[in-house]
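The lines below spell out each chain.
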Amino acid sequence: MTTLPVDELAIQETKALRDQFQRFLREYEFGMREVETKISILRDEFTHHHAYNPIEHVKSRVKSPDSIVEKLARKGIDEPDFELIRREITDIAGVRVTCSFVADVYRLFDLLTAQDDVTVRVVKDYIATPKSNGYKSLHAIIEVPVFLSTGALMVPVEVQFRTIAMDFWASLEHKIYYKFSNQVPSHLVESLADAAEAAAELDTRMERLHREAHGVPQRQLAPPPPPHIVQV
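Colleague: Please explain the pairing of strand S5 (residues 151–163) as it appears in this structure.
Modeller: Two faces, one strand: in a regular strand the side chains alternate between the faces of the sheet. In this structure, strand S2 (residues 93–99) lies alongside S5, joined through 6 bridges in parallel fashion. When the bridges of S5 are listed, Cys99 appears paired with Thr163. Where strand S4 (residues 138–148) and S5 come together, 11 bridges link them in antiparallel fashion. Following the sheet pairing, Glu143 is matched in S5 by Pro156. Between S4 and S5, which pair antiparallel one after the other, the connecting turn spans 2 residues.

So, in structure tokens, the structure goes:
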């Protein structure tokens, strides 16, 4: 059996790179936690002081190293460094907020982005302007401060706001495209588009029922024009 020489320097460099990557991802995890805390406070405040909870559930994730590498490859970046990754990938940390109604989506967006320590970088309103496949959601890249032992750091976090119907449709669409490796038969694409329209109609009907059942005038539930939204 042949024994290969051990390159101790290469091993140490690999371990150092691993540790750097872990510290890098940890910064995004901390930023994600900050956003989670802000949303949790808003949910509790609504529940206890307004007797109403506009948030159905919240999901969070930090991209895996493999996902980051794959996205860099799609962007044609062969030799990345951490600063380049920071600039090119803004959705390493992600928080998805599922709301009851469209009005709640805009209300929560306004309340979150109005906070003094939140900086809005990019907003894509796919509710006002759905994607061609019917996808609807409000996406925002925000920055929040994370206070480390080395000082404050602004961390970008992608926050997606959806209704229950939008989230259900997006989840099904993702599973179908995954099953067919993105080569979805045309009849299923058409059915998904029809389902997106049905989901939008369901959102409208359920919000109207909610408004009538609680005696809330429409002007109070209509989504206000979000002052920070920039279509891109």
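Colleague: Is there a simple way to think about unusual backbone geometry in this case?
Modeller: A negative phi angle is the norm for most residues apart from glycine, just as the trans form is the norm for most peptide bonds. A positive phi angle, near 55°, is found at Ala51, a position not held by glycine. Tracing the chain through its elements places Ala51 in the loop between helix H1 (8–49) and strand S1 (55–62). Exposure remark for Ala51: the relative accessible area of 72% places this residue in the exposed category. Its identity as a non-glycine residue notwithstanding, Ser181 has a phi of 50°, on the positive side. Among the structural elements, Ser181 can be located in the loop between helix H5 (164–179) and helix H6 (186–214). Ser181 sits in the exposed class, given a relative accessible area of 56%.

Colleague: Help me understand the environment of Asp125, please; the structure alone is not making it clear to me.
Modeller: Structurally, Asp125 can be placed in strand S3 (residues 119–125). Under the relative-accessibility criterion, Asp125 is labelled buried at 5%. Between the C-alpha atoms of Asp125 and Lys136, which are 11 residues apart in sequence, the distance is 8.1 Å. From its side chain, Asp125 meets the backbone nitrogen of Ile127 in a polar contact 3.0 Å long.

Colleague: Got a minute to help me understand the packing of aromatic side chains in this structure?
Modeller: Here the distance between the centres and the angle between the planes together describe a pair of aromatic rings. One pass over the structure, following the stated rule, counts 6 aromatic pairs. Note on Phe24 and Phe82: the rings are 5.0 Å apart at their centroids and 40° apart in plane angle, and the pair reads as tilted. Placement of the pair is Phe24 in helix H1 and Phe82 in helix H3 (residues 82–88), with a sequence separation of 58 residues. Since its relative accessible area comes to 3%, Phe24 is described here as buried. The interplanar angle of 65° and the centroid separation of 5.9 Å between the aromatic rings of Tyr126 and Tyr135 together place this pair among those described as edge-to-face. Both residues of the pair, Tyr126 and Tyr135, belong to the buried class.

Colleague: Teacher, can you tell me more about the nonpolar core here?
Modeller: A general trend in soluble globular proteins is that nonpolar side chains are found buried together. Ranked by size, the top nonpolar core spans 39 residues in total, and within it Val97 and Phe161 carry the most contacts. Secondary-structure elements contributing two or more residues to this core are H1, helix H2 (65–74), H3, S2, helix H4 (102–113), S4 and S5. Of all the elements, H1 adds the most residues to this core, at 7 residues. Core analysis: the second largest hydrophobic core is formed by 8 residues, Tyr135, Ala170, Leu192 and Ala196 among them.

Colleague: Please clarify how the packing of H5 against H6 should be interpreted in this entry.
Modeller: Helix packing geometry: the angle between the two helix axes and the distance between the axes. Interhelical geometry of H5 versus H6 gives an angle of 170° and a closest axis separation of 9 Å. By the angle between their axes, H5 is roughly antiparallel relative to H6. Between H5 and H6, the residues in contact are Ala165, Met166, Trp169, Glu173, Ile176 and Tyr177 and Leu188, Val189, Leu192, Ala195, Ala196, Ala199, Leu202 and Asp203, respectively. When grouped by side-chain class, the residues that make up the contact of H5 with H6 number 12 nonpolar, no polar and 2 charged.

What counts and what doesn't
- Residues numbered from 1 in each chain as written.
- Predicted model: local features only at pLDDT ≥ 70, side-chain atom pairs only at ≥ 80, totals over all residues.
- Heavy atoms only, no water.
- Pairing = 2+ DSSP bridges.
- Helix = DSSP H or I, 4+ residues; strand = E, 2+ residues; numbered from the N terminus.
- Buried < 20%, exposed > 50% of the residue type's maximum accessible area, 1.4 Å probe, protein only.
- Polar contact = N/O pair within 3.5 Å; in protein donor to acceptor, adjacent residues only side chain to side chain.
- Phe/Tyr/Trp six-rings, centres within 6.5 Å; stacked < 30°, edge-to-face > 60°.
- Core = buried A, V, L, I, M, F, W, Y, C linked by side-chain atoms within 4.5 Å.
- Axes fitted to C-alpha atoms, helices over the stretch in contact; angles between N-to-C directions.
- Parallel < 35°, antiparallel > 145°, perpendicular 65-115°, else oblique.
- Contact = heavy atoms within 4.5 Å.
- Nonpolar A, V, L, I, M, F, W, Y, C, P; charged D, E, K, R; others polar.

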